[in-house]
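# Coordinate analysis (summary)
Here are the chains, one letter per residue:
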Amino acid sequence: MEVIIAEQVVTEPKPDPNLSYAKNPRRLHLVLKQRNSGSLVLDLRQTGRRQVSKADFLEFAIKDSSVALPPDAKRVLKQWLAARYGRPAFPNAFEHRLRKKVGRRTVEQQIAKIIAPDARHLVGLFFDLGEQRGEEIASGKPYAMSISVVYDAIEGGPGARQAAERVALQIRQQFENAYGKADVADEIALDACEAVADTHMTLADLRRVDQWRLEYISLRDDDVGDYLPVGETPV
């Protein structure tokens, strides 16, 4: 059987916003509730997976009844585990255009930089490419897209909404700086970039969009293992 070796976050026992909500499929800060009071934060890494025989597990594993995994945390854990295998494959042409350099950084790196200060309020960034979702578009014709900056409306409240609106505005400005306004862009035409409460995301919305993740950008210097850049498939 497979287990994941986790480390307790002790230097600052609260989850890193960039490693919560399964934003990063290589690492996850998982919050467990302690029976008495307080919480326990574990740092899980995909590289921490180990194979253990069932016999050894039955003999040596000890159940810790002092902590519990809340339902919300369990859903996040399931999403994080699934992200390893269920990542969206954006068209390669779209990914190539998203890596356009503007100054010293690519557009996707600029997006990561914009998101970082307000990551604790954000559930995710969702791209809607419409009918071009699976198409390799030739040069000179733009991808028409919209972006939903989804924030945690229940836990975050008005502060989360303001943070998402701030991120949405900066991303729009970044896209216009890199590609021009939607009516003249010939690479990526950003039609809309809006803050959206997670309570307003419907199943129909989720079927139409793809979540854009930061793992390839934020962890370039780490061992990439069997991961591929977002949007690319193995030969």
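Quick note: structure is the one above.
What comes next concerns the included structure. (Residues numbered from 1 in each chain as written. Predicted model: local features only at pLDDT ≥ 70, side-chain atom pairs only at ≥ 80, totals over all residues. Heavy atoms only, no water.)

Summed over all chains, the structure comprises six aromatic pairs. For the ring pair Phe 94 and Tyr 143, a centre distance of 5.4 Å and an interplane angle of 75 degrees mean the geometry is edge-to-face. Here the residue Phe 94 occupies a position in helix H3 (residues 92-98), and Tyr 143 occupies one in strand S8 (residues 143-151), the gap between them amounting to 49 residues. Classification of Phe 94 by relative accessible area gives buried; the value is 0%. Looking at Tyr 143, the relative accessible area reads 0%, which means it is buried. (Phe/Tyr/Trp six-rings, centres within 6.5 Å; stacked < 30°, edge-to-face > 60°. Helix = DSSP H or I, 4+ residues; strand = E, 2+ residues; numbered from the N terminus. Buried < 20%, exposed > 50% of the residue type's maximum accessible area, 1.4 Å probe, protein only.)

Below, the discussion takes up the pairing of strand S9 (residues 188-197). For S8 and S9, the ladder comprises nine bridges, and the chain directions are parallel. Residue pairing for S9: Tyr 151 is matched across the bridge by Ala 197. Handedness of the crossover joining S8 and S9 through helix H5 (residues 153-179) is recorded here as right-handed. (Pairing = 2+ DSSP bridges. Right-handed = clockwise from strand over helix to strand, strands pointing away.)

Before going further, it helps to spend a moment on the packing of helix H4 (residues 107-115) against H5. Packing of H4 against H5 brings their axes to within 10 Å, and their N-to-C directions diverge by 160 degrees. Looking at the two axes, H4 sits roughly antiparallel to H5. As H4 packs across H5, the resulting crossing turns out to be right-handed. Mapping the contact onto sequence places Val 107, Gln 110, Ile 111, Ile 114 and Ile 115 in H4 and Val 167, Gln 170, Ile 171, Gln 174, Phe 175, Ala 178 and Tyr 179 in H5. (Axes fitted to C-alpha atoms, helices over the stretch in contact; angles between N-to-C directions. Parallel < 35°, antiparallel > 145°, perpendicular 65-115°, else oblique. Left-handed = near helix turned anticlockwise from the far one by under 90°. Contact = heavy atoms within 4.5 Å.)

Turning our eyes to something else, we now look at H5. In an α-helix there are 3.6 residues to a turn, and that puts residues three or four apart on one side. In a regular helix each residue adds 1.5 Å, so 27 residues correspond to 39 Å; H5 covers only 31 Å between its end C-alpha atoms and thus falls short of that length. Within the sequence span of H5, burial applies to Ala 160, Ala 163, Ala 164, Val 167, Ala 168, Ile 171, Gln 174, Phe 175, Ala 178 and Tyr 179. Elements that come into contact with the buried residues of H5 comprise H3, strand S5 (101-102), H4, strand S7 (122-128), S8 and S9. One or two positions beyond H5, positive phi appears at Gly 180, with a value near 90 degrees. (Expected span 1.5 Å × (residues − 1).)

Right, let's get into the sheet that holds strand S10 (residues 210-212). In space, the four strands of this open sheet follow the order S9-S8-S7-S10, with mixed pairing throughout. Looking along the sheet, the strands with just one partner apiece sit at the ends: S9 and S10. When the angles between neighbouring strand axes are averaged without regard to direction, this sheet yields 30 degrees. Bridging between S7 and S10 involves three bridges; their strand directions are antiparallel. Within S10, the position partnered with Leu 125 by the bridge is Trp 212. Contacting S7, S8 and S9, H5 runs over the sheet at an angle of about 170 degrees to S9.

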